[in-house]
Amino acid sequence: MATSASSKLSKAVKQQYMELPQGEKVQAMYIWIDGTGEGLRCKTKTLDSEPKTIEDLPEWNFDGSSTYQSEGSNSDMYLIPAVMFRDPFRKDPNKLVFCEVLKYNRKPAETNLRQSCKQIMGMVEQHHPWFGMEQEYTILGTDGHPFGWPSNGFPGPQGPYYCGVGADKAYGRDIVEAHYRACLYAGVQICGTNAEVMPAQWEFQVGPCEGINMGDHLWVARFILHRVCEDFGVVVSFDPKPISGNWNGAGCHTNFSTKEMREAGGLKVIEESIERLAKRHMYHIRAYDPKGGLDNARRLTGHHETSNIDEFSAGVANRGASIRIPRMVGQEKRGYFEDRRPSANCDPYMVTEALVRTCLLKEEGDEPTVYNK
C-alpha cells in the first residue's frame, strides 16, 4: 500500500512542538478554492489576538499564477474571509478561515461561485431553503490505487461493503472516524457517515444547512478530509467514477426543501418543483459537475444506482431516478426531495444555486437569469 513519505515522519516528535504554548498569538489558516474549481489551497498567518467574528480577520493575498488563477505578470489575488471555524488540527484558539477569491480588479475569480450563490440565496430568504448533501468519496494510496485493494487485482464483488463491519469489508475506517470528530470540533454541520457500496468508498452527510451555509460547510468538510488523509499518508478522491467497470461511482446527492414543502400539504409544492426540474434537466446536468456534465457522463449511465444522464426521471424510493421522493415524504405528504444527479466533485454553491433558481425563482430555459445586484 503506497503511503506518503510525510506520513512516516514521527508524530510523537511533532507533538512535542504542538504542545508548546503560543502566548496571545493565534494561527489562522486561510483556505480557498483554486483555479480548477475542485482543488483547495491554504496558508497561515499570525494574528495578535483571537478573532471573534469574521470582521476581525484581515484580507490577504496570494500568487494566483501558481494556483491556475492568473498570469505571472499580474498575479496578486485577494483572499476575502467569508466564514470561520475552529481549527481541529492546531486546536483552540486557532482558526480555519474559508475565503472568497477576488481578482486584481476586485471581481470574483472564475471559480469563486460563492458570490453569485449568496446573491441568489438572499432573494429567497423568506422561503428558508434547507439543504443536506451526501458527499461520497474514495480513499486511494499515493499511487492512485484504491486503499486496501489487492495490488494486482480486485476485491470481491460489491454486496458486503455498504455499511459493512469487519476488516474484510470496511477499508479505512480510522480516516472516517478522525474526519467525523474533526468536523464536530470545527463546528461543521456534519450529520452522519457510512461505508459505501464500493470497497474504500465512504460517504459523509452535511446538513441541514440553510442557504449559503450549505456550500460553506461542505467545502470546509472537504478541506478537513484532505488534511486528515494527508496525516494518514493517503489521498481522497472525489472523482465521480474512480474505477471503471462494475463498480459504483461517487455522487453528492442533494436533499432540498423549503418552508412550504415542510408544511402540511407540502408534497404538492414538491411535485411542482419536480415538474420545473424536468423541463430544465440539461441546465442542471451542466451545473452539477465542474466540467459541465463531462465528469458525470462517466457516472450517470443508468446502472449502479444512477439515472441516465440524458433522461429525467422521478419516483418514490427509486434510487435509479434523477429525483427520489423518500417513502416517508410520500406517506406524510410533506418534507423534501433528493436530487441524485450532482457528482461527488460538484461545487455545492453551483448546485444549491441551480435548485433555488429553478424551484423558487421559477426560471426556465438553458441559461441562468441575470439579476441586478
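Residues numbered from 1 in each chain as written. Predicted model: local features only at pLDDT ≥ 70, side-chain atom pairs only at ≥ 80, totals over all residues. Heavy atoms only, no water.

### A closer look at empty space enclosed by the protein
Okay, step 1: What the rule picks out here adds up to two cavities of 30 Å³ or more.
Okay, step 2: Estimated volume of the largest cavity: approximately 70 Å³.
Okay, step 3: The wall of the largest cavity is formed by Ile33, Gln69, Phe98, Cys99, Glu100, Val101, Thr111, Asn112, Leu113, Arg114 and Tyr349.
Okay, step 4: Of the residues assigned to the lining of the largest cavity, the class counts are six nonpolar, three polar and two charged.
Okay, step 5: Looking at the second largest cavity, the residues that line it are Tyr161, Lys169, Ala170, Tyr171, Ala195, Glu196, Met198, Pro199, Ala200, Gln201 and Trp202.
Okay, step 6: Its residues assigned to classes, the lining of the second largest cavity shows eight nonpolar, one polar and two charged. (1 Å grid on protein atoms, 1.4 Å probe; cavity = no way out; pocket = protein on both sides within 12 Å on 5 of 7 lines; lining within 4 Å. Points joined across faces, edges and corners; volume = space filled by probe spheres on them. Nonpolar A, V, L, I, M, F, W, Y, C, P; charged D, E, K, R; others polar.)

### What to know about helix α6 (residues 267-278)
Okay, step 1: Compared with the 16 Å implied by 1.5 Å per residue over twelve residues, the 16 Å span of α6 between its first and last C-alpha is a close match.
Okay, step 2: Burial in α6 covers these residues: Leu267, Ile270, Ser273, Ile274 and Leu277. Take α6 and look down its axis: the buried residues cluster within an arc of 115 degrees, on one side only. For α6, exposure combined with an orientation more than 90 degrees from the buried face picks out Lys268 and Glu275. (Helix = DSSP H or I, 4+ residues; strand = E, 2+ residues; numbered from the N terminus. Expected span 1.5 Å × (residues − 1). Buried < 20%, exposed > 50% of the residue type's maximum accessible area, 1.4 Å probe, protein only. Arc of directions from axis to C-beta.)

### Some points on the UniProt feature "domain: GS beta-grasp" (unreviewed entry) in the protein
Okay, step 1: Those places that UniProt annotates as "domain: GS beta-grasp" (unreviewed entry) correspond, in this numbering, to residues 24-106.
Okay, step 2: What you have in residues 24-106 is 0% helix and 47% strand, and the ends, taken at the C-alpha atoms, are 33 Å apart. (UniProt positions renumbered as here; feature names shortened; annotations may be inferred.)

### Observations concerning the UniProt feature "domain: GS catalytic" (unreviewed entry) in the protein
Okay, step 1: The sites that carry the UniProt feature "domain: GS catalytic" (unreviewed entry) are, in the present numbering, residues 113-373.
Okay, step 2: Measuring from the first to the last C-alpha atom of residues 113-373 gives 15 Å, for a span that is 34% helix and 17% strand.

### Notes on the environment of Asn61
Okay, step 1: Following the sequence through the fold, Asn61 ends up in strand β3 (residues 60-63).
Okay, step 2: The exposure class of Asn61 is partly exposed, given its relative accessible area of 35%.
Okay, step 3: Ignoring any residue separated from it by four or fewer positions in sequence, one finds Asn61 in contact with Lys43, Met77, Tyr78 and Leu79. (Contact = heavy atoms within 4.5 Å.)

### Digging into a nonpolar patch on the surface
Okay, step 1: Residues Val13, Tyr17 and Leu20 make up a contiguous nonpolar surface patch of roughly 320 Å² in combined accessible area.
Okay, step 2: Summarising the element assignment, Tyr17 is placed in helix α1 (residues 11-18).
Okay, step 3: A relative accessible area of 56% places Tyr17 in the exposed class. (Patch = residues over 30% accessible without salt bridge, like charges linked within 9 Å, V, L, I, M, F, W, Y side chains within 5 Å. Areas by Shrake-Rupley, 256 points an atom, 1.4 Å probe, with all protein chains shown as cover. Salt bridge = Lys/Arg side-chain N within 4 Å of Asp/Glu carboxyl O.)

### Brief notes about the packing of helix α4 (residues 213-232) against helix α10 (residues 348-359)
Okay, step 1: Between α4 and α10, whose axes approach to 8 Å, the crossing angle comes to 155 degrees. Taken together, the axes of α4 and α10 are roughly antiparallel relative to one another. By crossing handedness, the relation of α4 to α10 is classed as right-handed. Residues Met214, Gly215, Asp216, Leu218, Trp219 and Arg222 of α4 lie in contact with α10, whose contacting residues are Pro348, Tyr349 and Thr352.
Okay, step 2: For the contact of α4 with α10, the per-class residue count stands at five nonpolar, two polar and two charged. (Axes fitted to C-alpha atoms, helices over the stretch in contact; angles between N-to-C directions. Parallel < 35°, antiparallel > 145°, perpendicular 65-115°, else oblique. Left-handed = near helix turned anticlockwise from the far one by under 90°.)

### Side note on the environment of Lys11
Okay, step 1: Checked against the element boundaries, Lys11 lands in helix α1.
Okay, step 2: In this structure, the C-alpha to C-alpha distance between Lys11 and Asn105, residues 94 residues apart in sequence, is 43 Å.
Okay, step 3: Setting aside chain neighbours within four positions, we find Lys11 in contact with Ser6 and Asp231.

### Side note on the packing of aromatic side chains
Okay, step 1: Going through the model one piece at a time under the given rule, you end up with nine aromatic pairs.
Okay, step 2: With a centroid separation of 6.0 Å and 50 degrees between ring planes, the pair formed by Tyr137 and Phe204 is classed as tilted. Taken as a pair, Tyr137 in strand β6 (residues 130-140) and Phe204 in strand β8 (residues 201-210) lie far apart in primary sequence, 67 residues in all. Phe204 matches Tyr137 in its accessibility class, with the two residues each being buried.
Okay, step 3: With a centroid separation of 6.2 Å and an interplanar angle of 20 degrees, the aromatic rings of Phe154 and Trp247 are classed as stacked. Placement of the pair is Phe154 in the loop between β6 and α3 (173-186) and Trp247 in the loop between β9 (235-237) and β10 (252-257), with a sequence separation of 93 residues. (Phe/Tyr/Trp six-rings, centres within 6.5 Å; stacked < 30°, edge-to-face > 60°.)

### Comments concerning the domain arrangement of the protein
Okay, step 1: Here the domain parsing of the protein yields domain 1 (23-111) and domain 2 (121-360).
Okay, step 2: Residue-level contacts link 18 residues of domain 1 with 22 residues of domain 2.
Okay, step 3: Carbon and sulfur atoms make up 73% of the surface buried where domain 1 meets domain 2, a total of about 1,700 Å² over both sides.
Okay, step 4: The interface formed by domain 1 and domain 2 holds one salt bridge in total.
Okay, step 5: Among the salt bridges present, the one from Glu38 reaches Lys291, with a minimum N-O distance of 3.2 Å.
Okay, step 6: At the junction of domain 1 and domain 2, the tally comes to five residue pairs in polar contact (both at pLDDT 80 or more).
Okay, step 7: Where the side of domain 1 that touches domain 2 is concerned, the elements lending two or more residues are β1 (26-33), β2 (40-47), β4 (76-86) and β5 (95-102).
Okay, step 8: Each residue belonging to the side of domain 1 that touches domain 2 can be placed in one class, and the counts come to eleven nonpolar, two polar and five charged. (Domains from an automatic or database assignment. Buried area = accessible area lost by both parts, 1.4 Å probe. Polar contact = N/O pair within 3.5 Å; in protein donor to acceptor, adjacent residues only side chain to side chain.)

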